[in-house]
Amino acid sequence: MLVLLGFAMIAVFMVLIMTKKLTPVLALIIVPTIFGLFAGAGLGIGPLVMDSMKSMTSTAALLMFAIIYFGLMIDVGLFDPLVRIILRKLGNDPAKVVLGTAILAAAVSLDGDGSTTFILTTAAMLPVYLRLKMSPVVLTCVAGLANGTMNILPWGGPTARAATALKIDVNDVFVPMVPSLIAGLIVVLVFAWLLGLQERNRLRTVAPEIWAEGVEFDDGTGAFGAGRNAGRTGSGAGTDRGTGTGGGVAVLERTDLLVDERDTAMADTALDPNRKTLRPKLFWFNLALTVAVMVTLVANIIPLPFVFMVGAAIALLVNFPKVKDQGAQLVAHAPSIVAVVSMVMAAAVLTGVLNGTGMVKAMSEWLVQIIPADMGPLMAVITGVLSIPMTFFMSNDAFYFGVLPVLSETAAHYGVGAADMARASITGQPFHLQSPLVPAILLLVSLAKVDLGDHHKKVLWRTAVVSLVMLGVGVATGAIGIG
């Protein structure tokens, strides 16, 4: 009964948010509450949820003050030069912009923290997407793909959990999986390029009055295709402008950007060059403060929530000495804070019911029991496949410390080593990172103002492909053995 209720609860939750019948916050509260009562929790459901919520408070504090800090850094202009560099390198081609998003997210993911990755990626790229009238869902999809793939890094968490749970060295788990990681990143980049091409084609169709066909993208010099050709005479200019052949690749261009006034493109966005919150004289101070915060995060010498608390306090005090301005900054970022913190707190209902009623344990034991004995030698591969949905429906701690040891013990009877099981178990991480139980993904969709259901529609099948490719490469290279 608990198995059926567990899977039914997750299925109902996913359907409701993907069909937009309920917001994620309401679905996280109402659905688990109903199923928890059916599971016999009764009045005890309250303590279950509160116990789960206690473990979420530090995460909520981290996200709250991280939003304040990085939101403040965006307001004062710390990321403006970064976006200008990105625009200079990528121009205004949607395909290049999406590919650049994937590369940026993968690079920032090297710090091992999903929240930081999503904050920086969104801060740098969302204004570009809005400027070019691209879909922010594409941004969240690509950022989620890149960060999820990079999450198998030893300092990312899951790899260390798998190694600890099976009592093996973390390097023995990760190093053989490097080819799988590279393969996964290649698939991510391919998906990013294809999504970019789709955006380019979509904009041709849905916004013909804004995008003109047959005009070259800005090459970063401020001289756009039409501007370069305007002074030309002869067939060269005519061919370039009329048919899109000759001087360069014919793609789309914003007609209101055909003048050399780059700053006007950022008007009314988070990077508006005329916004009152800019603090150009404090750029180097803010950069030094941000570097100090990031170094402290990576060093992990102080609890992360406290790092951002202190960082936000110093940033507010220096950039906005007046109490009135400090209050205005906090109010300005309140919508993002409420959106993400409410989802984190609501997620405590789902995790509390799953764990407190015994649903997670019952589901994992049932999955182990239904595996046929003759498939025992394939336990590592089976574990890799199971890690895709199971790490989505439960926390990494529950999977790696609760389910993986049981699967590994079973696999040992068929000659499958613990290291093979550990490596296979981390291939589901690209899919796991899209779970509503992961605070970082809630932060991403909140910052980008994207509906979680829309994000899931675009990202889930792609992350499943990435996970399966990583698993397949692991088997092919011998990193994931067969008994």
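A quick note: this is a predicted structure, and the numbers were derived from the prediction, not measured.

Here we come to the overall build of the protein. A count of helices and strands for the protein gives 23 helices and 2 strands. Residues counted as buried form 54% of the 483 residues belonging to the protein. A total of about 20000 Å² of accessible surface is found on the protein, and carbon and sulfur atoms cover 68% of it.

Here we take up the packing of helix H5 (residues 94-108) against helix H6 (residues 114-131). In contact at an axis separation of 9 Å, H5 and H6 are set at 160° when each is read in the N-to-C sense. Taken together, the axes of H5 and H6 are roughly antiparallel relative to one another. The chirality of how H5 crosses H6 is right-handed. Contacts from Val97, Val98, Thr101, Leu104, Ala105 and Val108 of H5 reach H6 at Thr116, Thr117, Leu120, Thr121, Ala124, Met125, Val128 and Tyr129. In the contact of H5 with H6, the residues fall into 10 nonpolar, 4 polar and no charged.

Overall, the predicted model of the protein reaches an average pLDDT of 77, with 82% of residues at or above 70. Considering only residues more than four positions removed or in separate chains, one finds that residues 212-269, a stretch of pLDDT under 50, has 100 contacts.

Along the chain, serine 52 turns up in helix H3 (residues 45-76). From its side chain, serine 52 meets the backbone oxygen of alanine 348 in a polar contact 3.1 Å long.

Right, let's talk about the nonpolar core for a bit. Formed by 138 residues in total, the largest nonpolar core has its most connected members in Tyr69 and Met421. Element by element, the count of residues in this core is highest for H3, at 15 residues. Apart from residues no more than four positions distant in its own chain, tyrosine 69 is found in contact with Asn286, Leu289, Thr290, Val293, Phe308, Gly311, Ala312 and Ala315.

Before going further, it helps to spend a moment on the environment of proline 158. You can see proline 158 is positioned in helix H8 (residues 158-165). For the pair proline 158 and phenylalanine 399, spaced 241 residues apart in sequence, the C-alpha to C-alpha distance is 9.8 Å. Setting aside anything within four residues of it in sequence, one finds proline 158 in contact with Asn151, Asn396, Tyr400, Ile426 and Gln429.

Let's shift gears to the pattern of salt bridges. Between side chains of opposite charge, pairing is possible as soon as their charged atoms come close. Taken as a whole, this structure holds 4 salt bridges when the rule is applied. Residue aspartate 93 is joined to arginine 200 by a salt bridge in which the shortest nitrogen-to-oxygen separation is 2.6 Å. Within this pair, whereas aspartate 93 is found in the loop between helix H4 (80-90) and H5, its partner arginine 200 is found in helix H10 (residues 178-206), the two being separated by 107 residues in sequence. Under the relative-accessibility criterion, aspartate 93 is labelled buried at 5%. In this structure, the salt-bridge partner of aspartate 420 is arginine 423, at a minimum N-O distance of 3.7 Å. Taken together, the positions of aspartate 420 and arginine 423, both in helix H20 (residues 418-425) and 3 residues apart, correspond to about one turn of that helix. Here arginine 423 falls in the buried class, since its relative accessible area comes to 12%.

Moving on: the environment of asparagine 396. In this fold, asparagine 396 is placed in helix H19 (residues 396-412). Here asparagine 396 falls in the buried class, since its relative accessible area comes to 9%. Separated by 238 residues in the primary sequence, asparagine 396 and proline 158 place their C-alpha atoms 6.7 Å from one another.

Applying the stated criterion across every chain, the model contains 4 aromatic pairs. With centroids separated by 5.1 Å and ring planes inclined at 85°, the aromatic side chains of phenylalanine 283 and tryptophan 284 adopt a geometry described as edge-to-face. With 5.2 Å between their ring centres and 55° between their planes, phenylalanine 392 and phenylalanine 431 make a pair best called tilted. Highlighted residues: phenylalanine 392 in helix H18 (residues 379-393) and phenylalanine 431 in helix H21 (residues 429-432), separated in sequence by 39 residues. Each member of the pair, phenylalanine 392 as well as phenylalanine 431, carries the same accessibility label: buried.

What follows covers the packing of H18 against helix H23 (residues 452-477). Close contact between H18 and H23 brings their axes to 10 Å; oriented N to C, the two are set at 155°. Regarding the angle of H18 to H23, the classification is roughly antiparallel. For the pair H18 and H23, the crossing hand works out as right-handed. Touching Val381, Gly384, Val385, Ile388 and Phe392 of H18 are His456, Leu460, Ala464, Ser467, Leu468, Leu471 and Val475, all from H23. In terms of residue class, the contact of H18 with H23 is made up of 9 nonpolar, 3 polar and no charged.

The next thing to look at is a nonpolar patch on the surface. A surface patch of nonpolar side chains, about 750 Å² in accessible area, is lined by Phe285, Ile301, Ile302, Phe306, Met309, Val310, Ile314, Leu317 and Val318. In this structure, valine 318 sits in helix H14 (residues 304-319). By relative accessible area, valine 318 is classed as partly exposed at 31%.

Topologically, leucine 471 is positioned in helix H23. For leucine 471, the residues in contact, after removing those within four places along its chain, are Val381, Gly384, Val385, Ala424, Thr427 and Ile480.

A positive phi angle is found at lysine 133, which is not glycine, with a value near 60°. When you line up the elements, lysine 133 lands in the loop between H6 and helix H7 (136-150). We note that lysine 449 has phi near 55°; this positive angle belongs to a residue other than glycine. On the secondary structure map, lysine 449 appears in the loop between helix H22 (439-447) and H23. For lysine 449, a relative accessible area of 72% gives the class exposed.

Basis of the calculations
Starting afresh in each chain, residues are numbered from 1 along the sequence in its written order. Per-residue local features are limited, in this predicted model, to residues with pLDDT of at least 70; the limit for side-chain atom pairs, both in listing and counting, is 80 or more; totals at the level of whole chains, interfaces and linings are taken over all residues. Excluding hydrogens and water, the side-chain figures rest on all heavy atoms present in the structure. Secondary structure follows DSSP: runs of H or I at least 4 residues long count as helices, runs of E at least 2 residues long count as strands, and numbering of each begins at the N terminus. Throughout, exposure labels follow a simple rule: accessible area from a 1.4 Å probe, protein chains only, divided by the maximum for the residue type, with under 20% read as buried, over 50% as exposed, and the rest as partly exposed. Methods summary: accessible areas were calculated by the Shrake-Rupley approach with a probe of 1.4 Å, and residue burial reflects only the protein chains presented. Only C-alpha atoms enter the line fits that serve as axes; for helices the fit covers just the stretch in contact. Angles between N-to-C directions range over 0 to 180 degrees. Any angle that is under 35 degrees is reported as roughly parallel, and any over 145 degrees as roughly antiparallel; angles of 65 to 115 degrees are reported as roughly perpendicular and all others as oblique. Here a crossing is taken to be left-handed if its near helix is turned anticlockwise relative to the far helix by less than a right angle, and right-handed if that turn runs clockwise. Throughout, a residue-residue contact means that at least one pair of heavy atoms, one from each residue, lies within 4.5 Å. Ten residue types, Ala, Val, Leu, Ile, Met, Phe, Trp, Tyr, Cys and Pro, are classed as nonpolar, four, Asp, Glu, Lys and Arg, as charged, and the remainder, Gly among them, as polar. The pLDDT value tells you how sure the predictor is about a given residue, anywhere from 0 up to 100. Here a polar contact is taken to be a pair of N or O atoms separated by no more than 3.5 Å, where protein atoms must pair a possible hydrogen donor with a possible acceptor and residues adjacent in sequence count only if both atoms sit in side chains. Only buried residues count toward a nonpolar core, which is a set of Ala, Val, Leu, Ile, Met, Phe, Trp, Tyr and Cys residues joined through side-chain atoms within 4.5 Å. Whenever Lys or Arg places a side-chain nitrogen within 4 Å of a carboxyl oxygen from Asp or Glu, that contact is recorded as a salt bridge. Classification of ring pairs uses Phe, Tyr and Trp, with its six-membered ring standing for Trp, and accepts pairs whose centres are within 6.5 Å; under 30 degrees between planes counts as stacked, over 60 as edge-to-face, and the remaining range as tilted. Each patch is built from residues that are more than 30% exposed by relative accessible area and take part in no salt bridge. Like charges join if they lie within 9 Å; nonpolar side chains (Val, Leu, Ile, Met, Phe, Trp, Tyr) join within 5 Å.

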